[in-house]
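Coordinate analysis (summary)
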Amino acid sequence: MSDTGSEEEVSVLREEGVSGGSVRKGCDPLVLTQRSKLQQRRAKLNQQINRELRLRTGAENLYRATTNQKVKETVSLELSFVNSNLQLLKEELEELNSSMEVYQTESEKVNVPMIPLGLKETKEIDMTIPLQDFISEHYGEDASLYMSEVKEFMDLRQAMRTPSRNDAGLELLMEYYNQLYFLDQRFFAPHRTLGVHFHWYDSLTGVPSCQRALAFEKGSVLFNIGALYTQIGARQDRSTLPGIQNAIDAFQRAAGAFLYLQENFSHAPSLDMSSPALSMLVRLMVAQVQECICERVTLTMEENDLMSNLQAAQESARVSDVYSLVLQAMSVPLLKDYVPFSWLSVVQVKTQHFRALAHYYTAAALCDCSGECTFYTLCLQEPEDRLRLGKGHLRKAIIRHEEALRLHGVCKMLRKMDILQEVLSYAHTRSLEKYSDIDQEDDFCEIAEAPEIQCKRKYGPLSLFCARNRWVGRRLCLVRGEAGLGLTLRGDSPVLVAGVLPEGCAEAGLHEGDYIVAVNGSDCRWAEHAEVVHVLKGCSERGVELDVITLLTNEVHTHKHTHV
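Residues numbered from 1 in each chain as written. Predicted model: local features only at pLDDT ≥ 70, side-chain atom pairs only at ≥ 80, totals over all residues. Heavy atoms only, no water.

**Quick word on the overall build of the protein**
Operational definition: A run of H or I in DSSP becomes a helix once it reaches four residues, and a run of E becomes a strand once it reaches two; helices and strands are each numbered from the N terminus. A 1.4 Å probe rolled over the protein chains alone gives each residue an accessible area, and that area as a share of the maximum for its type sets the label: buried under 20%, exposed over 50%, partly exposed in between. Here the accessible surface of atoms and residues is derived via Shrake-Rupley with a 1.4 Å probe, and residues count as covered only by protein chains that are part of the display.
Summing up its helical and strand segments, the protein has 14 helices and 9 strands in all. Expressed as a percentage of the 564 residues in the protein, the buried residues total 50%. Carbon and sulfur atoms make up 50% of the accessible area of the protein, which totals about 28,200 Å².

**Here's the deal with the nonpolar core**
The cut-off we apply is this: In this text, buried Ala, Val, Leu, Ile, Met, Phe, Trp, Tyr and Cys residues form a nonpolar core when linked through side-chain atoms within 4.5 Å. Between two residues, a contact is recorded if the distance between any of their heavy atoms is within 4.5 Å.
Grouped together as the largest cluster of nonpolar side chains are 109 residues, with contacts concentrated most on Met127, Leu183, Phe187, Phe198, Phe258 and Trp343. In terms of residue count, the dominant contributor to this core is helix α8 (residues 275–300) (13 residues). Look past the residues within four positions of Met127 in its chain and what remains in contact with it is Phe153, Met154, Leu183, Val196 and Phe198. Of all hydrophobic cores here, the second largest spans 19 residues; its members include Leu476, Leu485, Leu536 and Cys539.

**Let's talk about the side chain of Glu217**
What counts, and what does not: Counted as a polar contact is a pair of N or O atoms within 3.5 Å, where, for protein atoms, one must be capable of donating a hydrogen and the other of accepting one, and residues adjacent in sequence contribute only when both atoms are in side chains.
Its location among the elements puts Glu217 in helix α6 (residues 214–234). At 2.9 Å, the side chain of Glu217 and the side chain of Trp200 are in polar contact.

**Structural notes on the environment of Leu407**
Residue position: Leu407 is located in helix α11 (residues 383–410). Take Leu407: its relative accessible area is 12%, and that puts it in the buried class. In this structure, the C-alpha to C-alpha distance between Leu407 and Lys350, residues 57 residues apart in sequence, is 9.9 Å.

**Comments concerning helix α14 (residues 529–537)**
This is how the line gets drawn: Here the arc refers to the set of directions running from the helix axis out to each C-beta atom.
Looking at α14, one finds that the buried residues are His529, Val532, Val533 and Leu536. Buried residues of α14, viewed axially, fall in a sector of 100°; they line one side. The outward face of α14, more than 90 degrees from its buried face, is lined by the exposed residues Ala530 and His534.

**A word on unusual backbone geometry**
The residue His267 is not glycine, and still its phi comes out positive at about 55°. With respect to the secondary-structure elements, His267 resides in the loop between α7 (241–264) and α8. For His267, a relative accessible area of 75% corresponds to the exposed category. Even without glycine at this site, Asn520 takes up a positive phi of about 55°. Its location among the elements puts Asn520 in the loop between β6 (515–519) and β7 (522–523). Residue Asn520 is classed as partly exposed on the basis of its relative accessible area of 46%.

**Some details on the packing of α6 against α7**
Rules: Only C-alpha atoms enter the line fits that serve as axes; for helices the fit covers just the stretch in contact. Angles between N-to-C directions range over 0 to 180 degrees. With respect to orientation, any angle under 35 degrees is reported as roughly parallel, any angle over 145 as roughly antiparallel, any angle of 65 to 115 as roughly perpendicular, and every other angle as oblique. For any pair of crossing helices, the crossing counts as left-handed if the nearer helix is rotated counterclockwise from the farther one by less than a right angle, and right-handed if it is rotated clockwise. Only Asp, Glu, Lys and Arg are considered charged in this grouping, and only Ala, Val, Leu, Ile, Met, Phe, Trp, Tyr, Cys and Pro are considered nonpolar; every other residue, Gly among them, is considered polar.
Interhelical geometry of α6 versus α7 gives an angle of 160° and a closest axis separation of 8 Å. It follows from the interaxial angle that α6 and α7 lie roughly antiparallel. As α6 runs across α7, the sense of the crossing is left-handed. In this structure, α6 uses Gly219, Leu222, Phe223, Gly226, Ala227, Tyr229, Thr230, Ile232, Gly233 and Ala234 to contact α7, whose residues at the interface are Ala247, Ala250, Phe251, Arg253, Ala254, Ala257, Phe258, Tyr260 and Leu261. Split by residue class, the contact of α6 with α7 holds 14 nonpolar, 4 polar and 1 charged.

**Observations concerning the pairing of strand β8 (residues 544–551)**
Heads up, the rule is: Two strands are counted as paired when DSSP detects at least two bridges linking them.
Most of β8 is tucked away, with 6 of its 8 residues classed as buried. Sheet analysis places strand β3 (residues 471–478) next to β8, joined by 8 bridges and oriented antiparallel. Bridge assignment links Leu476 to a residue of β8, and that residue is Leu546. With 4 bridges joining them, β6 and β8 adopt antiparallel strand pairing. From the neighbouring strand, Tyr515 faces β8, where its bridge partner is Ile549.

**Overview of the pattern of salt bridges**
What counts, and what does not: Between Lys or Arg on one side and Asp or Glu on the other, a salt bridge is scored when a side-chain nitrogen of the former is within 4 Å of a carboxyl oxygen of the latter.
Per the stated rule, a full pass over the model turns up 14 salt bridges. For Asp368, the salt bridge goes to Lys434, with nearest N and O atoms at 2.5 Å. Linking Asp368 in helix α10 (residues 341–368) with Lys434 in helix α13 (residues 418–441), this pair joins segments that are 66 residues apart in sequence.

**Focus on the confidence of the model for the protein**
Short version of the rule: The predictor reports its confidence for every residue as pLDDT, a score running from 0 up to 100.
Taken as a whole, the protein shows an average pLDDT of 82; of its residues, 81% reach a score of 70 or greater. In the model, residues 1–23 has pLDDT below 50 throughout and makes 43 contacts with residues more than four positions away in sequence or in other chains. Residue range residues 29–33 is modelled with pLDDT below 50. Its contacts to residues more than four positions away, or to other chains, number 7 contacts.

**Considering the packing of aromatic side chains**
The condition is simple: Pairing of aromatic rings covers Phe, Tyr and Trp, the last through its six-membered ring, and needs centres within 6.5 Å; plane angles under 30 degrees mean stacked, over 60 mean edge-to-face, and all others mean tilted. Placement of a charge over a ring requires the Lys NZ or Arg CZ to be within 6 Å of the ring centre, with the centre-to-atom vector within 35 degrees of the ring normal.
Overall, the coordinates contain 7 aromatic pairs when judged by the stated rule. Consider the rings of Phe134 and Phe187, whose centres lie 5.6 Å apart with planes at 65°: the pair is edge-to-face. Residue Phe134 is located in helix α3 (residues 128–139), and its partner Phe187 is located in helix α5 (residues 167–187); the two are separated by 53 residues in the primary sequence. A relative accessible area of 1% places Phe187 in the buried class. Here the aromatic residues Phe134, Tyr139 and Phe187 are joined through ring pairs into a cluster of three or more. Across from the ring centre of Tyr63, 4.1 Å away, lies the NZ or CZ of Lys72, which sits over that ring.

Laid out in structure tokens, this is it:
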């Protein structure tokens, strides 16, 4: 903006597109839908918690300031009542935030419930006077000329407090978020503040936070964009392929919003926007995306097809693995008493449930499908061997199902979710019936010890398989000579070629520093040192096929050596 005040000056708010009828309306908070009633109760609880916190702060200050013993006793008694009320209000708010069924799909089809996130509440504020003062003092213009634009901006903020749970709600939040960028550039100078305080409540505990920094407002709006995506993802009908794809898209976008918030907004005053909490939310969204991918596989699979069942087993194992990572993220010291118990219980239940499904689908592939089962290192040809191993997997599936049901019964909130109970009971009964059918076919069939199912979607250890590293891969075949294969191996996950013997059979194709990522087509990026050595030493006279990669950045592991 120039200092001359000519007619070609760019207007402060009009330029940014606040005017022109672009402002949308939020939901009417008085409409008595389930979600609006939930939002009203949450807002009321936030106000009550805020009042109790102010009372506690005042009582604590009085307790520290007074020297009168009688006053101290009275204040101490008052503090005990306030803390008791505060605990009850927080428990009630946690129960509201655990009301996952409100955000689930209304389809009659049975789907495992997803975990949505409630929106952060904010107080109504009026920036009209501060903005007018800044226009007059800093830009030297008549602030009354911009009253309509300022009013539209304030209406936009009011509307974004209650966004609808659809694309229109997302557009509303995005429009306000974009306007905050221009507001920051035009009105928030580094040497002065507008004197406006932004009040936001923690999405899970309701604890209020207040800052004058516009970054807090922007971060809170971005958090609500991610939270709204979680609600949209949870409401999709995942009994259809379009519904699954919509859920995947929504949860991915939620993960992106939380990741961007984690990387670009630091020193957040509320725990829900802290780095550990956002990292946990990103992992949770990724896990729910993986769950949707698994549902897509099982929805399109052929019941008695070998490869379909094996793929479903691996996808289920992958879901269990990623939920176990979510559980670790929820258990860090800062979050273990913060995350709702119902969330923790759902993650534990899903970890066990999908591990059980992995064993079930493997058993179905072994017992019900024809063809070579190359799921293991050894191809299982004999029906007796497949039946024994199938029973072993079913036994593990039943144990996991029972643990999932036990964990479900421990949580009061989950016991209210009939749909989750129905899903878990159906899966448990299905495994029991299949086990009973196999027992009737052959009462004398022994049970083999079934290994855990390994998924095939892991890229490999992050220390090596990451964006900053570049590599080239190739495939070669080695035939054992009199001196063996002629190479020395080092390390684990993946194994590294530490040396190649001169004139050995490995010299023609392998180089020191190569990593072995597959042996005879079997992925070994996560394999331990001893496993790879055992497979290589047991290779046939026809030789062994290796997939190797060479890092373009020369980084080598320093571990134990083994000559092969």
